[in-house]
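Per-entry structural report
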Amino acid sequence: MKPLIAPSVLAADFANLQRDIEMLNRSEADWIHFDVMDGQFVPNISMGLPVCEAVRKHTKKVLDVHLMIVQPERYVEAFRKAGADVISVHVEACPHLHRVVEQIKSLGGRAGVAVNPHTPVSLLEDIIADVDLVNVMSVNPGFGGQKFIENTYGKVARLKNLIVQKRSSALIEIDGGVNSTNAGSLIAAGADVLVAGNFVFSSADPEKTIARLKNQLVIREV
Ligand code: DX5
Ligand code: ZN
């Protein structure tokens, strides 16, 4: 099975966003990953609702919104209205996670839960059957261009087991430091969706890089 590829807008050129979204539209990207940071849950601020709306106007691809914010329940509806198809909230930011997941689904969105590198898969036991996606953070959230954390492989395998055991239909998404060196092993471990920011946008030919990630050719630097 080919993975779904979700290039991360965080690594795009914000002064040429329309150009970059059009490039993604032409590419084999399946989803567009949109990182929202609040300077509180994570030590960085990125972009919010108006930019999400603007991106939505220029693409029909699945808009995959990753909320790295405290109290995400306050913004879920607004992001859904701004065009988000998938909305992921952090387990670590939600004392009432089940309620937020239900909120996303009641708005017609696909509900994702994101887990920081230190958060064990076992914490998902009683929510996995209710979610459409698990975003496994393979770096500490807050910045693009960080080094992939190797523990992720084992974590993905443990998560895959849990999904099978609980008969969940959740997809496994990997977020952070994904490149052509680790993509194959991640898919082998059970990953369904690969987010890639810098690896795509820093390459000489982003469209080709996306195609190669999608089709799993062994590449080095393009
Ligand atoms: C990190 C974000 C990621 C980021 C990935 O906090 O959640 O989605 O954009 O960027 P790369 O692929 O450059 O690590
Ligand atoms: Zn992300």
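Within each chain, residue numbers correspond to sequence positions counted from 1 in written order. Key to labels: chains lettered from A, ligands numbered from 1, both in the order written. Reporting in this predicted model follows two pLDDT cut-offs: at least 70 for local features of residues, and 80 or more for side-chain atom pairs to be given and counted; totals over whole chains, interfaces and linings ignore these cut-offs and use all residues. Side-chain metrics in this entry use all non-hydrogen atoms of the structure; hydrogen atoms and water are not considered.

1. Side note on the packing of aromatic side chains
The criterion for an aromatic pair is that two Phe, Tyr or Trp rings (for Trp, the six-membered ring) have centres within 6.5 Å, with stacked assigned to planes under 30 degrees apart, edge-to-face to planes over 60 apart and tilted to the rest. Evaluation of the coordinates by the stated rule reveals 1 aromatic pair. Relative to Y153, the ring of F148 lies with its centre 5.3 Å away and its plane at 50 degrees, an arrangement referred to as tilted. Only protein chains enter the calculation, and the probe is 1.4 Å; a residue is then buried if its accessible area is under 20% of its type maximum, exposed if over 50%, and partly exposed in between. Judged by relative accessible area, F148 falls into the buried class, the value being 7%. Among the residues examined, Y153 registers a relative accessible area of 23% and is labelled partly exposed.

2. Re the confidence of the model for the chain
The quantity known as pLDDT measures the predictor's confidence residue by residue, on a range of 0 to 100. A residue-level look at the chain finds 97% of positions with pLDDT of 70 or above and a mean pLDDT of 96. The contact definition used throughout considers only heavy atoms, calling two residues in contact when any of these lie within 4.5 Å. A low-confidence stretch, residues 217-222 (pLDDT under 50), is modelled with 13 contacts involving residues beyond four sequence positions or located in other chains.

3. Observations regarding the coordination of the zinc ion (ligand 2)
Counted as coordinating are nitrogen, oxygen and sulfur atoms within 2.8 Å of the metal, or 3.2 Å for Na, K and Ca, while water is not included, which may make sites look incomplete. Protein coordination at the zinc ion (ligand 2) comes from H33 (NE2), D35 (OD), H66 (ND1) and D175 (OD), with a distance range of 2.1 to 2.3 Å. Viewed at the metal, the 6 donor atoms of the zinc ion (ligand 2) are separated by angles of 69 to 175 degrees, and the geometry they form is octahedral. Ordering the donors of the zinc ion (ligand 2) by residue number gives the pattern H-x1-D-x30-H-x108-D. Here H66 is found in strand β3 (residues 62-68), whereas its partner D175 is found in strand β7 (residues 171-175), with 109 residues between them in sequence. For the pair formed by H66 and D175, the shared burial category is buried. In this scheme the shape depends on donor count and angles: four donors with every angle between 85 and 135 degrees give tetrahedral, four or six donors with opposite pairs above 155 degrees and others between 65 and 115 give square planar or octahedral in turn, and any other case is irregular. Strands here are runs of E lasting at least two residues and helices are runs of H or I lasting at least four, both read from the DSSP assignment and numbered beginning at the N terminus.

4. Some details on the sheet that holds strand β1 (residues 4-7)
What the 8 strands build is an open sheet, ordered β1-β8-β7-β6-β5-β4-β3-β2; its pairing is parallel. Unpaired on one side and paired on the other, β1 and β2 (31-37) mark the two borders of the sheet. The mean inter-strand angle of the sheet, taken between neighbouring strand axes irrespective of direction, is 25 degrees. Any two strands with at least two DSSP bridges between them are considered paired. Sheet topology places strand β5 (residues 110-115) next to strand β6 (residues 133-137); 4 bridges connect them, and they run parallel. Of the residues in β6, the one forming a bridge with G112 is L133. Fitted lines through C-alpha atoms give the axes, limited to the stretch in contact for helices. The angle between two N-to-C directions lies from 0 to 180 degrees. Strands β4 (86-90) and β5 of the sheet are contacted by helix α4 (residues 97-106), whose axis makes an angle of about 145 degrees with β5.

5. Section: the site of ligand 1
If you check the shell around ligand 1, you find 20 residues, and the closest are S8, D35, G142, D175 and G197. Between N or O atoms, a polar contact is any pair within 3.5 Å; within protein, one atom must be a potential hydrogen donor and the other a potential acceptor, and residues adjacent in sequence are included only when both atoms are from side chains. Within the backbone of N198, a nitrogen or oxygen atom sits 2.9 Å from an oxygen atom of ligand 1. Calculation of accessible area relied on Shrake-Rupley with a 1.4 Å probe; when residues are assessed, cover is drawn exclusively from the protein chains displayed. In the complex, the protein chains occlude 98% of the 380 Å² of accessible area that ligand 1 would expose alone. Only β2, β3 and β8 (193-196) provide two or more residues apiece to the shell around ligand 1. If you tally residues by element for the shell around ligand 1, the top one is β2, at 3 residues. Consider each residue's heavy atoms; a residue with any of them within 4 Å of a molecule or strand counts as near.

6. Points about the pattern of salt bridges
Any Lys or Arg side-chain nitrogen found within 4 Å of a carboxyl oxygen on Asp or Glu counts as a salt bridge. The final tally for this structure, using the stated rule, is 7 salt bridges. Between R56 and D85 there is a salt bridge, with the nearest N and O atoms lying 2.9 Å from each other. Of this pair, R56 sits in helix α2 (residues 49-57) while D85 sits in the loop between α3 (76-81) and β4, and the two are 29 residues apart along the sequence. Among the ionic pairs, E77 bridges to K81, the shortest N-O distance being 3.3 Å. One end of the pair, E77, and the other, K81, are both in helix α3, 4 residues apart, so they sit about a helical turn from each other. Residue classification places E77 among the partly exposed positions, given a relative accessible area of 41%. Each of D13, R19 and D20 takes part in a single network of salt bridges with overlapping partners.

7. So, the layout of surface pockets
With a 1 Å grid laid over protein atoms only, a set of points is called a cavity when a 1.4 Å probe fits there but cannot get out and a pocket when it is open yet has protein on both sides within 12 Å along at least five of seven lines; lining residues have an atom within 4 Å of a point. Grid points are joined across faces, edges and corners, and a volume is the space filled by probe spheres set on the points. Taken as a whole, the largest pocket spans an internal volume of roughly 370 Å³. Lining the largest pocket are 31 residues, and of these G144, G145, G176, G177 and V178 sit closest to its centre. Of all the secondary structure elements, the ones that give two or more residues to the lining of the largest pocket are β2, β3, β8 and α7 (198-201). Throughout, the ten residues Ala, Val, Leu, Ile, Met, Phe, Trp, Tyr, Cys and Pro are labelled nonpolar, Asp, Glu, Lys and Arg are labelled charged, and all others, Gly among them, are labelled polar. The class makeup of the residues in the lining of the largest pocket is 14 nonpolar, 13 polar and 4 charged. Roughly 150 Å³ of volume is contained in the second largest pocket.

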